[in-house]
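# A closer look at the structure
Here's the letter readout for the chains.
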Amino acid sequence: MITLGIETSCDETAAAVVLEGKKTLSNVVVSQIELHREYGGVVPELASRKHIECISLVISKAIKDARVKIGELDAICVTSGPGLIGALLVGIGAAKGLAMALKKPICAVNHLHGHLFAAVLENESFQFPFIGMVVSGGHTTLFDVQSPVEIEVIGKTRDDAAGEAYDKVAKLLGLGYPGGAIIEELARGVSDDGLRFPRALLENGNFDFSFSGLKSAVLRHSEKVFGVSDYRKRPGSFRPIVPSKTSTEDRMEVRRIAAAFQAAVIETLATKLFMATRSRDVSRAVVCGGVAANQALRERIVSQGKNLGIEVIFPSVGLCSDNAAMIAARGYSLVKAGKLDSLDFAARSRW
Ligand code: KG4
Ligand code: ZN
């Protein structure tokens, strides 16, 4: 079976063609990061307009790169949520148009389930059940995945997502957007030197996350050491604490803050993940989503998993961020299970 995946839930316009849910024949992603960079975050209206500009070209390129004929597609799989409504509608509109014109089945895919299936896609002998943790800019969610069609949410963030916390901390320190890779780079090889930010909700049995207190703790600490700079010049809800002096000492303090912040995020994510494997008596885990590209997180979780006898699977870095190959792979499993949709499904901002 050949599935076409379409993804437009946030700031990537993506289409991909996947064979039998396992072999990626093409994977086209047009990122809008440059468009949103000056605002320090995704601007929904700009995102949907850009998706409209790109969607036809991206789909055509995915089909061409895959060297298949459009009539050979067996199903059209599209992200229908959670995400930005205006952005989702662009992908959904294109998918419905194609399905109608080609008289092919259509399948509405949950974006977070798509992230989980990035791991399934890359592993020929992938086995269920597993505990899945999606850590991205919009979500931090723990799943108990018993089978492709038995996916239970066991915990999620009560406020900011982990990636959102990275982005907000980078913004308040005046470091740029998106913040994840920037903070990871600054924290590399640096000791937090005793600076410790809070880890929330770590008590046993609590599978929810909270990162807004951590972000506020970073803000308070930064205000104390750097003071408050002229935030009115920068859009956004945070006062960026751009160190006014570019002394070696200031730069080192920013790196120390980055290291201490990242240590708190990683410890929280690792603790929750293994609390879930223990509680559900599952010996396999998948960690995915944009933040799963973080090398320090990967190393910590893989090594802790080894000690605990838990097999941990991370998708390759390229498949951690938003893409449509994961949507085509997830769609394949739904089609196989007979879970098709009629053409009247709607976009969902939450799911
Ligand atoms: O999954 P994704 O591409 O889009 C969403 O669905 O949100 O994730 C984007 C998020 C951003 O918040 C970004 O800062 C974060 O992933 N991210 C990282 C890294 N690379 C991207 N966070 C930590 N370390 C990284 N290396
Ligand atoms: Zn995502």
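Per chain, residue numbering runs from 1 following the sequence as it is written. Written order determines the labels here, with chains lettered from A and ligands numbered from 1. Under the rules for a predicted model, residues below a pLDDT of 70 receive no local features and side-chain atom pairs below 80 are neither given nor counted, while totals for whole chains, interfaces and linings still include all residues. Calculated side-chain values reflect all of the structure's heavy atoms, with hydrogen atoms and water omitted.

## Thoughts on the pattern of salt bridges
Between side chains of opposite charge, a pair can form as their charged atoms come close. A pairing counts as a salt bridge when a side-chain nitrogen of Lys or Arg comes within 4 Å of a carboxyl oxygen of Asp or Glu. Inspection of every chain in the model, using the stated rule, returns 15 salt bridges. Here Glu311 ties to Arg284 by a salt bridge, and the two come within 3.1 Å at their closest N and O atoms. Here Arg284 lies in strand S9 (residues 284-288) and Glu311 lies in strand S10 (residues 311-313), a separation of 27 residues in the sequence. Relative accessible area decides the class of each residue, using a 1.4 Å probe on protein chains only: under 20% of the type maximum gives buried, over 50% gives exposed, and in between gives partly exposed. Here Glu311 falls in the partly exposed class, since its relative accessible area comes to 44%. Residue Arg284 is classed as buried on the basis of its relative accessible area, which comes to 12%. Through salt bridges with shared partners, a single ionic network connects Asp160, Glu164, Lys168 and Lys215. Numbering of helices and strands starts at the N terminus; helices are DSSP runs of H or I of at least 4 residues and strands are runs of E of at least 2.

## Notes on the site of ligand 1
In the vicinity of ligand 1 there are 20 residues, among which Gly137, Asp167, Glu184, Gly290 and Asn294 approach most closely. Under this definition, polar contacts are N or O atom pairs within 3.5 Å; protein pairs additionally need one hydrogen-donor-capable and one acceptor-capable atom, and for neighbouring residues in sequence, both atoms have to be side-chain atoms. The side chain of Asp167 places a nitrogen or oxygen atom 2.7 Å from an oxygen atom of ligand 1. Measuring from a nitrogen atom of ligand 1, one finds a side-chain N or O atom of Glu184 at 2.8 Å. Computed by Shrake-Rupley with a 1.4 Å probe, the accessible areas treat only the displayed protein chains as cover when residues are assessed. Burial of ligand 1 by the protein chains amounts to 86% of its free accessible area of 560 Å². Contributing elements (two or more residues each) for the shell around ligand 1: helix H4 (111-122), helix H5 (162-172) and helix H6 (179-187). If one sorts the elements of the shell around ligand 1 by residue count, H6 sits on top with 4 residues. Proximity criterion: a residue is near a molecule or strand once any of its heavy atoms comes within 4 Å of it.

## Description of the packing of H5 against helix H7 (residues 212-226)
Between two packed helices, both the angle of their axes relative to each other and the distance between the axes serve to describe the pair. Contact geometry for H5 and H7: axes closest at 10 Å, N-to-C directions at 15 degrees. As far as their axial angle goes, H7 and H5 are roughly parallel. Helix-helix and strand crossings are classified by hand; for H5 and H7 the assignment is right-handed. Between H5 and H7, the residues in contact are Lys168, Val169 and Leu172 and Lys215, Val218, Leu219 and Ser222, respectively. Residue classes follow a fixed rule: Ala, Val, Leu, Ile, Met, Phe, Trp, Tyr, Cys and Pro count as nonpolar, while Asp, Glu, Lys and Arg count as charged, and any other residue, Gly among them, counts as polar. A class-by-class count of the residues in the contact of H5 with H7 yields 4 nonpolar, 1 polar and 2 charged. Angles here are taken between N-to-C directions and fall from 0 to 180 degrees, while the axes themselves are lines fitted to C-alpha atoms, restricted in helices to the stretch in contact. In what follows, roughly perpendicular refers to angles from 65 to 115 degrees, roughly parallel to angles under 35, roughly antiparallel to angles over 145, and oblique to any angle outside these ranges. By convention, the crossing between two helices is left-handed when the near helix turns anticlockwise from the far helix through less than a right angle, and right-handed when the turn is clockwise. Note on contacts: a residue pair is in contact if any heavy atoms of the two residues lie within 4.5 Å.

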